[in-house]
Amino acid sequence: KQKTYKFPAGFLWGGATAANQMEGGFHEGNKGLNIADVLPGGKERLKILAEPGFNFEIDPDKYYPNHEGIDFYHRYKEDIALFAEIGFKAFRLSIAWTRIFPNGDELEPNEEGLAFYDRVFDELHKHGIEPVVTISHYEMPLNLVKEYGGWRDRKVVTFFERYVAAIFNRYKNKVKYWMTFNEINSGLAFPIMSLGFSIEKEEDKFKPTFQAFHHQFVASAMAVKLGHEIIPDSKIGCMIIFAPTYSFDSNPENVMHALQEERLFNNFCGDVQVRGEYPAFINRYFKEHNIELDIEEGDLALFKEHTVDYIGFSYYMSRTEKKEKTPEEIGEGNMIGGVKNPFLQASDWGWEIDPEGLRIALNKLYDRYQIPLFVVENGLGAYDKVEEDGSIHDDYRIDYLREHIKAMGEAVEDGVGLMGYTAWGCIDLVSASSGEYSKRYGFIYVDKHDDGSGTMDRSRKKSFFWYKDVISSNGERV
Ligand code: BG6
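Residues numbered from 1 in each chain as written. Predicted model: local features only at pLDDT ≥ 70, side-chain atom pairs only at ≥ 80, totals over all residues.

Per an unreviewed UniProt entry, the protein is named 6-phospho-beta-glucosidase, and its organism is Peribacillus deserti. Its UniProt record, at the heading Sequence similarities (unreviewed entry), says of the protein: "Belongs to the glycosyl hydrolase 1 family." (UniProt positions renumbered as here; feature names shortened; annotations may be inferred.)

Given below as structure tokens:
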């Protein structure tokens, strides 16, 4: 007999997106340019993200898919109606900072931008869907990048505070669930999208990276403070990538190495945002990399007093570590490092598929922090084939999601406090790392392609009907 899983009552089932990957309308409503607007589509993007010295300019000969996204800016009603048809309880989206403050450093917000999200939140509530809002998701105003060097400059904290105060005041009766920075720890791997600057060619990356983190921690704690003041019943979370890190084998040197990598990548940011202080292990790392932070009076007290209410995290893959790696051992698509795990298969983009890793992630996080967890991203990027009759049989996606949902069910049985699950890219959208449309995650297909062609028409994949059944049974029929 098949096992059935019990998820808590009120579990927030739904889907997740980000403004820059979905909205389009990049010049409409007085929106300013942001980082995603200067990232070209295709494999070239990966190179830009990984290498120093990016100039943040638009090249007229290149294609910029985020300019159009999937046109949610105009089609949000149709899309939200489809989410409602699946039965979403929650929908995760981000607010584009540049719709509210087009250059980031203005004193007054842009009314057209504010009004757009009013319409979106109203539409969601009309269908009984709870908005879950990421305040900053890889879309810093380009002006802040160019004029201030992104999060290198402490002044950006003030601009962020202004932005956050504007959206909390405006949406205080419409949005209860918030997250500050998307995948904040991704700044360790991809500073451009996350920290808003490119490392200079000859520059030592350590000091600017960790100083920028410090500024983000201040901004995040400030947002928690303001959020609790302005919206007393709000829940404000952090958001990290959590890729549980395994030792390649039982050689203690590899075990220690895996532990160090795990602490730096998976735990460092969460420790500050959840426990409200820099973890002890980071002192040695700072010393060894000559990092001395500029910390202002009051910063550390702010961290301590304004910790997050829950941990949002993305889970796509685990990571396997070994102290000495040969080039052949390194997994092609392992965006955050490590070696190939001989027990796992990978997606077409080389992301290793590991459902048990989600159970491990949930247990590790809950053991360490004991506050509610929210899986706010998980999913399979895959090529989809449209049959002649228009149907799409994405059984591979169903299999992937089913195994991950079961792993969550096991974790709940293990005693983990879990609030919800929003599957990434619930509607096909532009990939963040490769700028492709063809890397699809959705339950809803969007007819739009890497060369820019396509009608933007929406259609339901097989997984659409499967997920609907999962939600209506609160995860029992997975
Ligand atoms: C996360 C991001 O890294 O993973 C999303 O928060 C992103 O913005 C998602 O889209 C999937 O990654 P990709 O590169 O396949 O789009």
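On we go from here.
Draft legend 1. Inspection of the overall build of the protein at higher detail. Of regular secondary structure, the protein possesses 15 helices and 14 strands. For 478 residues, the compact-globule formula gives about 23 Å, and the C-alpha radius of gyration of the protein, at 21 Å, lands near that figure. Each principal axis of the C-alpha atoms in the protein carries an extent, and together these give about 60 × 55 × 50 Å. Counting the 478 residues in the protein, one finds 50% classified as buried. Restricting to contacts in the protein with at least 6 residues of sequence separation, those with at least 24 account for 77%. (Helix = DSSP H or I, 4+ residues; strand = E, 2+ residues; numbered from the N terminus. Rg over C-alpha atoms; globule rule 2.2 N^0.38 Å. Buried ≥ 20, exposed ≤ 12 C-beta atoms within 10 Å, placed from the backbone. Contact = placed C-beta atoms within 7 Å.)

Draft legend 2. A look at the nonpolar core. Counting residues in each nonpolar core, the largest one holds 133 residues, and the members touching the most others are I35, I95, I311, F313, L362, L373 and M408. If we ignore the near neighbours within four places in the chain, the residues touching L362 are L373, M408, A411, V416 and L418. (Core = buried A, V, L, I, M, F, W, Y, C linked by C-beta atoms within 7 Å.)

Draft legend 3. Region of interest: the packing of helix 13 (residues 355-369) against helix 14 (residues 395-414). Interhelical geometry of helix 13 versus helix 14 gives an angle of 30 degrees and a closest axis separation of 8 Å. With respect to helix 14, the axis of helix 13 lies roughly parallel. As for the relative orientation of helix 13 and helix 14, their crossing is right-handed in sense. Facing P355, E356, L358, R359, L362 and N363 of helix 13, the residues of helix 14 in contact are E403, H404, K406, A407, M408, E410, A411 and D414. (Axes fitted to C-alpha atoms, helices over the stretch in contact; angles between N-to-C directions. Parallel < 35°, antiparallel > 145°, perpendicular 65-115°, else oblique. Left-handed = near helix turned anticlockwise from the far one by under 90°.)

Draft legend 4. Local environment of the UniProt feature "active site" (unreviewed entry) in the protein. Per the UniProt record, "active site" (unreviewed entry) is found at E377. Note that E377 resides in strand 11 (residues 373-377). A count of 25 C-beta atoms within 10 Å places E377 in the buried class. The residues touching E377, leaving out its near neighbours within four places in the chain, are A16, S314 and W424.

Draft legend 5. Representation of unusual backbone geometry. Of note, the phi angle at N290 is positive, near 50 degrees, even though the residue is not glycine. Mapped onto the elements of the fold, N290 is located in the loop between helix 11 (281-288) and helix 12 (299-305). You will see that M456, though not glycine, has its phi angle at about 70 degrees, which is positive. Along the chain, M456 turns up in the loop between strand 13 (444-446) and strand 14 (458-460). In this structure M456 comes out as partly exposed when scored by C-beta crowding, with 14 C-beta atoms within 10 Å.

Draft legend 6. Summary view of the environment of D451. Of note, D451 is situated in the loop between strand 13 and strand 14. When the 12 C-beta atoms within 10 Å are taken as the criterion, D451 is described as exposed. D451 sits 338 residues away from G113 along the chain, and the two C-alpha atoms are 29 Å apart.

Draft legend 7. Structural view of the pairing of strand 4 (residues 177-181). Among the 5 residues in strand 4, 5 count as buried, and that is most of the element. As judged from the 4 bridges shared by strand 3 (residues 130-136) and strand 4, these two strands associate in the parallel manner. Looking at the pairing, V133 lines up with W178 of strand 4. The pairing of strand 4 with strand 5 (residues 235-241) spans 3 bridges and is classified as parallel. Each bridged residue has a counterpart across the sheet, and for M179 the counterpart in strand 5 is G237. (Pairing = 2+ DSSP bridges.)

Draft legend 8. Local environment of the environment of H404. Looking at the element boundaries, H404 is found in helix 14. The exposure class of H404 is buried, given the 26 C-beta atoms found within 10 Å. Along the sequence, H404 and G379 sit 25 residues apart, while their C-alpha atoms lie 8.7 Å from each other. Apart from residues no more than four positions distant in its own chain, H404 is found in contact with P355, L358 and N378.

Draft legend 9. Examining the packing of helix 3 (residues 72-86) against helix 5 (residues 111-126) more closely. The contact between helix 3 and helix 5 brings their axes to 10 Å, and the two run at 20 degrees. With respect to each other, helix 3 and helix 5 are oriented roughly parallel. Relative to helix 5, the crossing made by helix 3 is right-handed. Across the interface between the two elements, Y76, K77 and I80 from helix 3 touch V120, E123 and L124 from helix 5. Partitioned by chemical class, the residues of the contact of helix 3 with helix 5 number 4 nonpolar, no polar and 2 charged. (Nonpolar A, V, L, I, M, F, W, Y, C, P; charged D, E, K, R; others polar.)

Draft legend 10. Helix 11, seen in detail. The element helix 11 is largely exposed, with a buried count of 0 among its 8 residues. Downstream of helix 11 by one or two residues, N290 has phi in the positive range, about 50 degrees.

Draft legend 11. Molecular detail of the pairing of strand 7 (residues 310-314). Most of strand 7 is tucked away, with 5 of its 5 residues classed as buried. Neither face of strand 7 is left uncovered, since the one carrying Y310, G312 and S314 and the one carrying I311 and F313 both have all their residues buried. With 5 bridges connecting them, strand 5 and strand 7 associate as parallel partners. In the sheet register, C238 faces strand 7, and the bridge partner there is I311. Pairing geometry for strand 7 and strand 11, over 4 bridges, is parallel. By the bridge assignment, F313 is partnered in strand 11 with V375.

Draft legend 12. Inspection of the sheet that holds strand 11 at higher detail. Pairing is parallel around the closed barrel formed by 8 strands, whose spatial order is 1-2-3-4-5-7-11-12. Mean inter-strand twist for the sheet, computed between neighbouring axes without regard to direction, equals 25 degrees. Where strand 11 meets strand 12 (residues 418-424), 3 bridges bridge the pair, whose relative direction is parallel. Bridge pairing links F374 to G420 in strand 12.

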